[in-house]
Each structure stands twice: as structure tokens, then as C-alpha cells.
Amino acid sequence: ESYIPTNYDYSKCSKKSISSGYYIPSTEKTRIDICVAIDVSGSIGAEELNEFISEIVGMARAFRNQIRFTLLTHETEVNNKYIVENGNVEKIKAIKIKGGGGTSHKSLMGYIAKEVKNCKVAVFFTDGYSDLNEVEFNKNKFKSIFVINKKGTEEQLFKKPVKIIKLK
């Protein structure tokens with residue numbers, strides 16, 4: 001399922017179709033705002049943080065001109081907020097990550113709803129040890145994707161209206 005809207009443009013032909021002799025429309029992907037939240041609580045170690053940052057850098061490279069990130073680090077509350085545009089990988093790598101406390105996704109969801117106005121999709125990097133059973137996902141105006149690390153659990157997310165990605 002793609003969360004990035006695509007428009008088809010018949011005024012320009014797709015470069016891939018020229019050699020085949022068929023007229024296929026070009027595609028234009030619309031730029032959207034997404035929120036990426038990194039759990040920096042005490043249960044997340046340096047290995048997990050490096051894995052999360054690596055995945056986020058991959059997202060930035062893959063969708064360079066299509067998404068604008070609001071990148072948040074959080075524990076029970078949001079610690080830091082960064083804006084990343086045009087796949088600025090160096091900005092992502094330069095983020096100072098500190099944490100070590102508990103975890104709350106309920107307060108994080110409230111923050112995103114209130115402070116990140118145009119968020120269409122929120123991607124949560126976490127181990128799944130949080131207050132996820134208390135979150136009312138249906139009230140969010142954005143779609144939720146949870147990226148769970150190797151040692152994490154997706155147990156609280158079963159039967160919730162979210163997409164789950166388990167890192168291996």
C-alpha cells in the first residue's frame with residue numbers, strides 16, 4: 001500500500017515507454033509531510049538506535065523529493081524536533097540522541113496531532129514496550145506505521161489499525 005499519492009500526466013510521455021512504441025503517461029508523485037518518531041527510552045540501546053537511523057537514512061534517500069520529515073525523538077514526552085527536507089541525510093546523521101527514561105506513545109500521538117499539522121503518515125521506530133494499549137488509533141488523522149526492532153514486540157499492536165514492520 002502506497003501512502004504517497006501519484007498523479008498520471010498524459011501531457012508528457014513516460015521515458016520508459018519511448019523505446020517500446022507505446023504512449024504511457026508519466027507519473028508525478030506528490031510531496032507529502034510525514035512524521036518519523038524515534039523511541040529513545042532506556043530499553044533502546046546504541047545498536048537499536050543505529051539500526052533506526054540507518055532505516056531513516058534509507059527512507060530519506062528513497063523518497064528524496066517526495067516527503068518532508070518532521071523527525072521527533074521521544075521518551076514519555078517529545079525530546080527533540082527536527083525538520084528534514086530533500087532527503088538531507090547529513091542532517092539525520094548529525095542528530096544528537098539522548099534519552100534513557102520510560103516510553104509513551106499516547107502523549108506522542110497527542111503531540112503529533114497538535115504540533116505536526118499536515119502529517120499524513122507517522123512512522124514510529126520502537127521496541128513496542130510502551131502504553132500502546134491506551135492509544136486510540138482511530139482518532140488520529142494520520143496513518144500509523146510501526147517499525148519494531150529485532151528484540152522488540154508487536155503484541156500490543158495486534159488488531160489495531162496500523163501497519164507493522166518487524167526488522168530482522
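Refer to the structure presented above.
Residues numbered from 1 in each chain as written. Predicted model: local features only at pLDDT ≥ 70, side-chain atom pairs only at ≥ 80, totals over all residues. Heavy atoms only, no water.

A sheet is described by the order of its strands in space; here 6 strands give the open sequence S5-S4-S3-S6-S7-S8, paired in mixed fashion. The open sheet is flanked by strand S5 (78–84) and strand S8 (163–166), the only strands paired with a single partner. Within this sheet the neighbouring strands show an average axis-to-axis angle of 20 degrees, counted without direction. With 4 bridges connecting them, strand S7 (residues 143–148) and S8 associate as parallel partners. In the sheet register, isoleucine 148 faces S8, and the bridge partner there is lysine 166. Packing against the sheet, helix H3 (residues 105–115) makes contact with strand S3 (32–39), strand S4 (67–74), S5, strand S6 (119–126) and S7, and its axis sits at approximately 155 degrees to S6. (Pairing = 2+ DSSP bridges. Helix = DSSP H or I, 4+ residues; strand = E, 2+ residues; numbered from the N terminus. Axes fitted to C-alpha atoms, helices over the stretch in contact; angles between N-to-C directions. Contact = heavy atoms within 4.5 Å.)

Take the nonpolar core next. Membership of the largest hydrophobic core comes to 27 residues, with the highest contact counts inside it found for Val36 and Phe69. Of all the elements in the fold, those that place two or more residues in this core are S3, helix H1 (46–62), S4, S5, helix H2 (89–93), S6 and S7. In terms of residue count, H1 provides more of this core than any other element does, 7 residues in total. (Core = buried A, V, L, I, M, F, W, Y, C linked by side-chain atoms within 4.5 Å. Buried < 20%, exposed > 50% of the residue type's maximum accessible area, 1.4 Å probe, protein only.)

We now examine the packing of aromatic side chains. According to the stated counting rule, one finds 3 aromatic pairs in the structure shown. Ring centres 5.4 Å apart and planes at 55 degrees place the aromatic pair phenylalanine 52 and phenylalanine 125 in the tilted group. You can see phenylalanine 52 sitting in helix H1 and its partner phenylalanine 125 sitting in strand S6, a full 73 residues away along the chain. Ring geometry for phenylalanine 124 against phenylalanine 146: centres 4.7 Å apart, planes inclined by 25 degrees, an arrangement best described as stacked. One end of the pair, phenylalanine 124, is in strand S6; the other, phenylalanine 146, is in strand S7, with 22 residues separating them in the sequence. Of the residues examined, phenylalanine 124 reaches a relative accessible area of 0% and is grouped as buried. Look at phenylalanine 146 and you get buried, because its relative accessible area is 0%. Clustering of aromatic rings is evident, with ring pairs tying together Phe124, Phe137 and Phe146. (Phe/Tyr/Trp six-rings, centres within 6.5 Å; stacked < 30°, edge-to-face > 60°.)

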